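As a plain string of letters, each chain reads:
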Amino acid sequence: MEKDKDDALLKVRSSRVCIAAGYKLYIGNFRTIFRRTWVIALLYAILYGLYTSVIIKEYPHFFIAVTTGHLYIPDHTVLNVFTFIAPFLILIVTIWFYSQFFSMLYQHRTQGIITAPPRIFCVSTDKRILRHTIICALTCLLLNIIIFAVIIGGTTYSGIKQSLAGLSLVALLCLLFIILAVPLSYPFMHYLTTRDSHFLKVLSHDYRMGFRQWGLFFTVAIITIILSVAFLVLTSLPANILFLANFKAQTGVLMGDPLGMPAYITKLTFLVFTLASFIQAYVIPSIFFPAYYAAGSIEAQEKERQNINEKS
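Values in this document were obtained by computation on a predicted structure and should not be read as measured data. (Residues numbered from 1 in each chain as written. Predicted model: local features only at pLDDT ≥ 70, side-chain atom pairs only at ≥ 80, totals over all residues. Heavy atoms only, no water.)

Undergrad: Quick question: what am I supposed to make of the packing of aromatic side chains here?
TA: Where two aromatic rings form a pair, the distance of their centres and the angle of their planes describe that pair. Tallied over the full model, the rule gives 21 aromatic pairs. Consider the rings of Phe 34 and Phe 278, whose centres lie 5.9 Å apart with planes at 85 degrees: the pair is edge-to-face. Placement of the pair is Phe 34 in helix α2 (residues 30-68) and Phe 278 in helix α9 (residues 265-280), with a sequence separation of 244 residues. Judged by its relative accessible area of 29%, Phe 34 falls in the partly exposed class. One aromatic cluster is present, formed by Tyr 26, Phe 30, Phe 34, Phe 97, Tyr 98, Phe 101, Phe 102, Phe 278, Tyr 282, Phe 288 and Phe 289 through successive ring pairs. (Phe/Tyr/Trp six-rings, centres within 6.5 Å; stacked < 30°, edge-to-face > 60°. Helix = DSSP H or I, 4+ residues; strand = E, 2+ residues; numbered from the N terminus. Buried < 20%, exposed > 50% of the residue type's maximum accessible area, 1.4 Å probe, protein only.)

Written as structure tokens, this is what we have:
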């Protein structure tokens, strides 16, 4: 897609314009984005399809064992090992996949365009952006662990886990963490779309600016998340129906009933979940583009403020 002055990053925008500009950039460049990421998206979808197929087959055994008080012992060691390592493999591929989008946003930030790969099977990875993505992912994981530990620890220590006061405490803690987490969008997006920045330096410098523009990021985040969740629910509906059908059928077999499902149901389950995962892989990254413009708007406002201060 050719360079367009209207989609320039450093431009003061409202939340509505940030959302519109973000989705316009994503949809307008989707063919290029698809060519640069479809191989990784397919790998992610296959892994998720295999993992889900195994879970559907093994979960009824686990469920019956737990409800009857017996020990669950998998019949197949290979499946057991795959079930254990698959989430880690999916997480690794997801981080790699997302880094491709931040690499494209970095290119747009520096060059104003997103270029197509030279070959359809070409997968190029910006190692610096990939490292930035890994650091941000680990930071998010650490923050989630801290939040979970604080909430569980606070309610357990106070001894009011089941009381109204305990529920109110949990709600207040969650609200506080949301308020503090929203401004992180700015330093994260700044760090993920640049190559020469240092994480702690960007975090300490940009968090205050992100907090001053809390409303902008919250509005952009809540609207894009609602849109993405709605699309995810819509695209996952056939897969969820198939999941429930498989679960009831497998549970019935354990109770002595006939399977009642066609012989090709395992292959069909794999294909449905793989296709759904492939489509859904492109839903969440669409959120990055409005956030990218929201960060650009804050950066533009900060530069304008600095110019005014220098002139005064």
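Undergrad: Would you mind showing me how to read the state of the cysteines here?
TA: Any covalent bond linking the sulfur atoms of two cysteines counts as a disulfide. In total, this model carries zero disulfides according to the counting rule given. Left unpaired, Cys 140 is separated from the closest cysteine sulfur, that of Cys 136, by 6.6 Å. Using a relative accessible area of 32% as the deciding quantity, one classes Cys 140 as partly exposed. (Disulfide = S-S within 2.5 Å.)

Undergrad: So what exactly am I meant to see when it comes to the pattern of salt bridges here?
TA: Once their charged atoms are close, side chains differing in charge can pair, the charge on each being opposite to the other. Scanning all chains against the criterion turns up five salt bridges. Arg 212 is the salt-bridge partner of Glu 302, the closest N and O atoms lying 3.3 Å from each other. One end of the pair, Glu 302, is in helix α10 (residues 288-311); the other, Arg 212, is in helix α7 (residues 199-212), and 90 residues separate them in sequence. The salt bridge involving Arg 305 is made with Glu 302; its shortest N-O contact spans 2.4 Å. (Salt bridge = Lys/Arg side-chain N within 4 Å of Asp/Glu carboxyl O.)

Undergrad: Please clarify how α7 should be interpreted in this entry.
TA: One full turn of an α-helix is made of 3.6 residues, so residues set three or four places apart face in the same direction. Along its 14 residues, α7 runs 20 Å from first to last C-alpha, staying within 8% of the 20 Å computed at 1.5 Å per residue. Asp 206 marks where α7 bends most, by close to 35 degrees. Restricting attention to buried positions, one finds in α7 the residues Phe 199, Val 202, Asp 206, Met 209 and Gly 210. (Expected span 1.5 Å × (residues − 1). Bend = angle between axes of the 7 residues up to and from the residue.)

Undergrad: So what exactly am I meant to see when it comes to the nonpolar core here?
TA: One broad trend across soluble globular proteins is that nonpolar side chains are buried collectively. Counting 48 residues, the largest nonpolar core has Phe 101 and Tyr 282 as the members making the most contacts within it. Listed by contribution, the elements that provide at least two residues to this core are α1 (15-28), α2, α3 (77-111), α4 (127-158), α6 (185-192), α7, α8 (214-254) and α10. In contact with Phe 101, not counting residues within four places along its chain, are Tyr 26, Ile 33, Thr 37, Tyr 282, Pro 285, Phe 288 and Phe 289. (Core = buried A, V, L, I, M, F, W, Y, C linked by side-chain atoms within 4.5 Å. Contact = heavy atoms within 4.5 Å.)

Undergrad: Explanation requested: the environment of Ile 129 in the structure shown.
TA: Structurally, Ile 129 can be placed in helix α4. Overall, Ile 129 belongs to the buried group, its relative accessible area being 0%. Taking the C-alpha atoms as reference, Ile 129 lies 9.7 Å from Trp 96; in sequence the two are 33 residues apart. In contact with Ile 129, not counting residues within four places along its chain, are Ser 99, Phe 102, Ser 103, Tyr 106, Leu 192, Thr 194 and Arg 195.

Undergrad: Even after reading the chapter, I still don't get a nonpolar patch on the surface, so can you show me in this structure?
TA: Residues Val 81, Phe 84, Ile 85, Phe 88, Leu 89 and Ile 92 make up a contiguous nonpolar surface patch of about 580 Å² in total accessible area. Checked against the element boundaries, Leu 89 lands in helix α3. For Leu 89, a relative accessible area of 34% corresponds to the partly exposed category. (Patch = residues over 30% accessible without salt bridge, like charges linked within 9 Å, V, L, I, M, F, W, Y side chains within 5 Å. Areas by Shrake-Rupley, 256 points an atom, 1.4 Å probe, with all protein chains shown as cover.)

Undergrad: Any chance you could explain the packing of α6 against α7 here in plain terms?
TA: Axes are the key here: two packed helices are described by the angle between their axes and the distance separating the axes. Put simply, α6 and α7 touch, their axes get as near as 7 Å, and they point 135 degrees apart. Looking at the two axes, α6 sits oblique to α7. Considering how the two elements wind past one another, α6 and α7 form a crossing that is right-handed. Within the contact between the two elements, α6 uses Tyr 186, Pro 187, Phe 188, His 190 and Tyr 191 and α7 uses Phe 199, Val 202, Leu 203, Asp 206, Tyr 207, Met 209 and Gly 210. The residue makeup of the contact of α6 with α7, split by class, is nine nonpolar, two polar and one charged. (Axes fitted to C-alpha atoms, helices over the stretch in contact; angles between N-to-C directions. Parallel < 35°, antiparallel > 145°, perpendicular 65-115°, else oblique. Left-handed = near helix turned anticlockwise from the far one by under 90°. Nonpolar A, V, L, I, M, F, W, Y, C, P; charged D, E, K, R; others polar.)

Undergrad: Please explain the layout of surface pockets as it appears in this structure.
TA: Over the atoms, a rolled probe matching the size of one water molecule traces out where space is still vacant. Estimates place the volume of the second largest pocket at around 250 Å³. In this structure, the second largest pocket is lined by Tyr 23, Tyr 26, Ile 27, Phe 30, Leu 227, Ser 228, Phe 231, Phe 278, Ile 279, Tyr 282, Val 283 and Ser 286. Listed by contribution, the elements that provide at least two residues to the lining of the second largest pocket are α1, α8 and α9. For the lining of the second largest pocket, the class distribution of residues is 10 nonpolar, two polar and no charged. (1 Å grid on protein atoms, 1.4 Å probe; cavity = no way out; pocket = protein on both sides within 12 Å on 5 of 7 lines; lining within 4 Å. Points joined across faces, edges and corners; volume = space filled by probe spheres on them.)

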